[in-house]
Amino acid sequence: MNNKRRTLTVLICTHNRSRLLDRALHYLNTARRPQGWQVDVLVVANACTDNTLGRLEHLREEDKEGLPLNWIEEPTPGKSHALNRALPQITSELVAFVDDDHRVDSGYLANICTSAENYPDAGLFCGRI
């Protein structure tokens, strides 16, 4: 058995919805961590003019128990611009797309990783959040 930790990045694109983003990150941080996996979060602040960047900085500084949190800025409005900016930055083997208004359940992260382990040839998993 390979003991190398596998990697998952949760990608969230947001535009001026820092309160919803706070809630989405809260649910991700309280979800069960998948065993044998390293999970991080990448947020794309898409043409944000509210306090999104300040909130992200605050969360990264204050929540030491949360998932590793990184972000990038995309100045051109539009989700496709945000996704196109983010995807080349991701080096993990698995990516989960979560919207800033999603509330994932406690098994979300573990279930994604279990699905990837059980179906290694699958290119896409989707379902209810």
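Here's a quick rundown of the structure. These numbers come from a predicted model, not from an experiment.

Tallying secondary structure elements over the chain gives four helices and four strands in all. For the chain, the sequential pattern of α-helices and β-strands runs β-α-β-α-β-α-β-α. Computed over its C-alpha atoms, the radius of gyration of the chain comes to 14 Å, within 12% of the 14 Å expected for a compact globule of 129 residues. A principal-axis box enclosing the C-alpha atoms of the chain has dimensions of 45 × 30 × 25 Å. Burial analysis of the chain (129 residues in total) assigns 36% to the buried set. Taking as baseline every contact in the chain between residues at least 6 positions apart, the subset at least 24 positions apart corresponds to 80%.

Taken together, the side chains of Glu61, Glu62, Asp63 and Glu65 make up a negatively charged region of the molecular surface. By secondary structure assignment, the location of glutamate 62 is in helix α2 (residues 52-62). Overall, the relative accessible area of 56% leaves glutamate 62 in the exposed class.

As a further point, take the packing of helix α1 (residues 18-30) against α2. For the pair α1 and α2, the least separation of the axes is 9 Å and the interaxial angle reads 25 degrees. One finds that α1 runs roughly parallel with respect to α2. Where α1 crosses over α2, the handedness of that crossing is right-handed. Packed against α1, whose contacting residues are Ser18, Leu21, Asp22 and Leu25, the element α2 presents Thr52, Arg55, Leu56 and Leu59 at the interface. When its residues are assigned to classes, the contact of α1 with α2 shows four nonpolar, two polar and two charged.

What follows is about the pattern of salt bridges. One pass over the full model with this rule turns up six salt bridges. Between lysine 79 and aspartate 99 there is a salt bridge, with its nearest N and O atoms 2.7 Å apart. With lysine 79 in helix α3 (residues 79-86) and aspartate 99 in the loop between β4 (94-97) and α4 (108-118), this pair connects stretches of sequence that are 20 residues apart. The network of salt bridges with common partners includes Arg17, Asp100 and Asp101.

If you add up the space inside the largest pocket, you get close to 640 Å³. For the largest pocket, the lining is made up of 24 residues, of which Ala96, Tyr108, Ile112, Phe125 and Cys126 are closest to its centre. Only β4 and α4 provide two or more residues apiece to the lining of the largest pocket. For the lining of the largest pocket, the element with the most residues is α4, which contributes five residues.

Conventions adopted
Throughout this description, residue numbers start from 1 for each chain and increase along the sequence as written. Totals for whole chains, interfaces and linings use all residues, but because this is a predicted model, local features are given only for residues with pLDDT of at least 70 and pairs of side-chain atoms are given and counted only at 80 or more. Note: side-chain values were computed over all heavy atoms of the structure, leaving out hydrogens and water. Helix numbers and strand numbers start at the N terminus; a helix is a DSSP run of H or I with at least 4 residues, a strand a run of E with at least 2. Every radius of gyration here is taken over C-alpha atoms, with the globule rule written as 2.2 Å times N^0.38, N being the number of residues. Any residue under 20% of the maximum accessible area for its type is buried, any over 50% is exposed, and the rest in between are partly exposed; the area is computed with a 1.4 Å probe on protein chains only. In this analysis, two residues are considered to be in contact whenever any of their non-hydrogen atoms come within 4.5 Å of each other. Residues enter a patch when their relative accessible area is above 30% and they make no salt bridge; the linking distance is 9 Å between like charges and 5 Å between nonpolar side chains (Val, Leu, Ile, Met, Phe, Trp, Tyr). Every accessible area reported is derived by Shrake-Rupley at a probe size of 1.4 Å, with residue values counting cover from the shown protein chains alone. Salt bridges are identified by distance alone: a Lys or Arg side-chain nitrogen within 4 Å of an Asp or Glu carboxyl oxygen. Charged residues are defined here as Lys and Arg on the positive side and Asp and Glu on the negative side; His and the ends of the chain fall outside this count. Here the site of a charge means atom NZ of a Lys, CZ of an Arg, CG of an Asp or CD of a Glu. To define axes, lines are fitted to C-alpha atoms, for helices over the stretch in contact only, and angles between the resulting N-to-C directions are given on a 0 to 180 degree scale. Just so you know how the angles are binned, under 35 degrees is roughly parallel, over 145 roughly antiparallel, 65 to 115 roughly perpendicular, and the rest oblique. For a crossing to be left-handed, the near helix must be turned anticlockwise from the far one by less than a right angle; the clockwise case is right-handed. In the scheme used here, Gly and all other residues not listed as nonpolar or charged are polar, with Ala, Val, Leu, Ile, Met, Phe, Trp, Tyr, Cys and Pro taken as nonpolar and Asp, Glu, Lys and Arg as charged. Whether a set of points on the 1 Å grid over the protein atoms alone is a cavity depends on a 1.4 Å probe fitting there but being unable to get out, while an open set qualifies as a pocket with protein on both sides within 12 Å along at least five of seven lines; lining residues are those with an atom within 4 Å of a point. Grid points are joined across faces, edges and corners, and a volume is the space filled by probe spheres set on the points.

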